[in-house]
Amino acid sequence: MIESHLPILQIVVPLMSAPVCILLHRRALAWGWAALTCCLSLGISIHLLRRVLDEGTIIYALGSWSAPWGIEYRIDPVNAFILLLVTTIGAVVIFYAPASVARELPEVRGSLFYATFLLCYTGLLGMAITGDVFNLFVFLEISSLSSYALISLGSNRRALTASYQYLVMGTVGATFYVIGVGLLYMVTGTLNMADLAAQLKPEILASRTVLTAFAFLSLGLSLKLALFPLHLWLPNAYAYAPSVVTAFLAATATKVSVYVYIRFFYTIFGTGYTFDTLRLDCFIVPLALVGIVVASLAAIFQTDIKRMLAYSSVAQIGYMMLGIGLMSVTGLTATLVHLFNHALMKGALFLVMGCVVYRMGSANLTDMRGLGRQMPFTMAAFVLAGLSLIGVPLTVGFISKWYLVLAAIERGWWPVAVLVLLASLLAVIYIWRVVEVAYFQKPAAEDVPAVEAPLSMLIPMWVLVGATLYFGVSSSFTSGVARRGAELLMGVGP
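Below: a short report on this structure. Counting restarts for each chain, with residues numbered from 1 along the sequence as it is written. A pLDDT threshold of at least 70 governs which residues receive local features in this predicted model, and a stricter bar of 80 or more applies before side-chain atom pairs are shown or counted, although totals over entire chains, interfaces and linings include all residues. Excluded from the side-chain calculation are hydrogens and water; included are all heavy atoms of the structure.

## Details of helix 15 (residues 329-360)
Part 1 of the reasoning: Numbering goes from the N terminus for both helices and strands, where a helix is a DSSP run of H or I of at least four residues and a strand is a run of E of at least two. A helix is expected to reach a length of 1.5 Å times the quantity of its residues less one. For helix 15, spanning 32 residues, the distance from its first C-alpha to its last is 46 Å, which sits close to the expected 46 Å at 1.5 Å a residue.
Part 2 of the reasoning: Of all the bends found along helix 15, the most pronounced is centred on His-338 and spans about 25 degrees.
Part 3 of the reasoning: Backbone geometry just after helix 15 places Gly-361 at a positive phi near 75 degrees. Bend, in this description, refers to the angle at a residue between axes fitted to the seven residues ending there and the seven starting there.

## Things to note about the layout of surface pockets
Part 1 of the reasoning: A pocket here means an open set of points on a 1 Å grid, computed over the protein atoms alone, that has protein on both sides within 12 Å along at least five of seven lines. A cavity is instead a set of points where a 1.4 Å probe fits but cannot get out; residues with an atom within 4 Å of a point line either one. Grid points are joined across faces, edges and corners, and a volume is the space filled by probe spheres set on the points. Space inside the largest pocket adds up to approximately 360 Å³.
Part 2 of the reasoning: Along the wall of the largest pocket there are 21 residues; nearest its centre are Ser-155, Asn-156, Ala-239, Val-357 and Gly-361.
Part 3 of the reasoning: Contributing elements (two or more residues each) for the lining of the largest pocket: helix 3 (77-104), helix 10 (234-240) and helix 15.
Part 4 of the reasoning: With 4 residues, the top contributor of residues to the lining of the largest pocket is helix 15.
Part 5 of the reasoning: Tallied by class, residues from the lining of the largest pocket come to 8 nonpolar, 7 polar and 6 charged.
Part 6 of the reasoning: Lining the second largest pocket we find 14 residues, and of these Arg-74, Asp-76, Ala-194, Arg-263 and Thr-267 sit closest to its centre.
Part 7 of the reasoning: Breaking the lining of the second largest pocket down by element, the ones donating at least two residues are strand 2 (72-75), helix 7 (193-199), helix 11 (243-268) and helix 21 (476-490).
Part 8 of the reasoning: Among the elements that take part in the lining of the second largest pocket, helix 11 stands out by supplying 3 residues, more than any other.
Part 9 of the reasoning: Under the convention adopted here, Pro, Cys and the residues Ala, Val, Leu, Ile, Met, Phe, Trp and Tyr are nonpolar, Asp, Glu, Lys and Arg are charged, and Gly plus all remaining residues are polar. Its residues assigned to classes, the lining of the second largest pocket shows 5 nonpolar, 5 polar and 4 charged.

## Structural notes on the environment of Arg-158
Part 1 of the reasoning: Mapped onto the secondary structure, Arg-158 falls in helix 6 (residues 158-188).
Part 2 of the reasoning: A C-alpha to C-alpha distance of 46 Å links Arg-158 and Glu-410, two positions 252 residues apart in sequence.

## Considerations on the pattern of salt bridges
Part 1 of the reasoning: We define a salt bridge as a contact between a side-chain nitrogen of Lys or Arg and a carboxyl oxygen of Asp or Glu at a distance within 4 Å. With the rule as written, the count across this model stands at 4 salt bridges.
Part 2 of the reasoning: The partner of Glu-55 in a salt bridge is Arg-51, and the shortest N-O contact between them spans 3.7 Å. With Glu-55 and Arg-51 both in helix 2 (residues 27-55) and 4 residues apart, the pair spans about one turn of that helix.
Part 3 of the reasoning: Between buried and exposed lies partly exposed: a residue is buried under 20% and exposed over 50% of the maximum accessible area for its type, with that area taken using a 1.4 Å probe on protein chains only. Note on Glu-55: relative accessible area 58%, which makes it exposed.
Part 4 of the reasoning: In this structure, Asp-281 and Arg-279 form a salt bridge, with 3.1 Å as the shortest nitrogen-oxygen distance.

## Structural notes on the packing of aromatic side chains
Part 1 of the reasoning: Between rings of Phe, Tyr and Trp, where Trp is taken as its six-membered ring, a pair exists when centres lie within 6.5 Å; planes separated by under 30 degrees are stacked, by over 60 edge-to-face, and by other angles tilted. Throughout the structure, instances matching the rule amount to 26 aromatic pairs.
Part 2 of the reasoning: Their ring planes at 65 degrees and their centres at 4.9 Å tell us that Phe-214 and Phe-265 sit as a pair that is edge-to-face. Placement of Phe-214 in helix 9 (residues 208-225) and of Phe-265 in helix 11 is noted, with a sequence separation of 51 residues between them. For the pair formed by Phe-214 and Phe-265, the shared burial category is buried.
Part 3 of the reasoning: Summarising the aromatic geometry, the rings of Phe-471 and Phe-477 are spaced 6.5 Å apart at their centres and angled 40 degrees between planes, so their arrangement reads as tilted.
Part 4 of the reasoning: A relative accessible area of 16% means that Phe-471 is categorised as buried.
Part 5 of the reasoning: On the basis of relative accessibility, which here comes to 32%, the residue Phe-477 falls in the partly exposed class.
Part 6 of the reasoning: Taken together, the ring pairs connect Phe-81, Phe-340, Tyr-470, Phe-471 and Phe-477 into an aromatic cluster.
Part 7 of the reasoning: Any Lys NZ or Arg CZ found within 6 Å of a ring centre and within 35 degrees of that ring's normal is scored as a charge over the ring. Lying across the ring of Tyr-358, Arg-103 places its NZ or CZ 4.0 Å from the centre.

Spelled out as structure tokens, the structure:
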């Protein structure tokens, strides 16, 4: 029955569709095939999430080879939620892509773009669904290599430099990861995540080999998810990549890396070793708090809005890591909810900037003077998504910060709760700078009059904006799935 093979189809469908895009050659045909693939993948992820919530964890053994001898796909509420996130963003972005890609990329690169996009998409889905740590490395490399290629397609020549910088730092992170996996295999003889968790008994955890593996893995994954101060690859990558690439990567890539971080240190190593013995929270909580403040301050002084939003993403990653470091069901719920919520609002903001670039040819703040009157629907979307980024009630950003503040208060960390609230004021400043220029300044006489972006770009953009409002008002689904996943990770669920 095909339903029993949906876990592998979640990976095989986009993976096999990628080379077809190149064979189709024409950009329009390649887009149509990619769009069909993304819609099918979204349907699969929705069905898998429903099954997990109704029936519990789904285990799929590739080639009928049972774990730990074979590769296993293990789907629980946590990674089913991540699969839904990636496929939702992928489906929205792919329908936004045709006009943006046609404007920013030459015709000859169209089919190559969609093929590379699907490879990146496949890699992210594979990282989320696999239950094998080396198989995860394979998917990590698929997503990373395709990301480097996608970023380098930017029209600005600095996109090549940004891609190279990302390649260097990403390679270092991946190397650290695979060294850590190798060391774990040396002491346990297994690569299966569930089996690793069972094999890592107290006497093995006490060895220097495991401690060294822990150090390599924590540093390598921190590089991949852009934890401050290991974020230096991210601002340039987001600023100079094609608009549709920036929107997709900003909404998905770092979120999947955060999920992998959670999976390793909550599931494989366990909370006792990670937080009680090695006190990883003493490492990530200060970095998260400093990252929130420093990245938000850096965002205030940016004149390129895509770069401004990139620094904002570094700050938002700080919020996610803070939830991990709070070591509670509420803290983890905050992280998982924010993974989804940030994907919606930051994806919407970068799609807005794609519309601006489409009409103005620039994402510079000075070029956005008077844009509120020239592109009213686009800038209205920026305002609403910006309010969500700030954390205004009735938006998804408020839900995320509510759980974070609640988790900090539960731990008795009042200064942390206050800092989270004060950091929102910094977001007010950099969002207001754009609003002020767009709505309260007149365009220069020599500026080319702007008109709204095509409807094919506005509709996907407003789908994400609408989602930030809908899930801000009705958060029972996202917070319910996140809490169930958090209870599973903390070992307190049913």
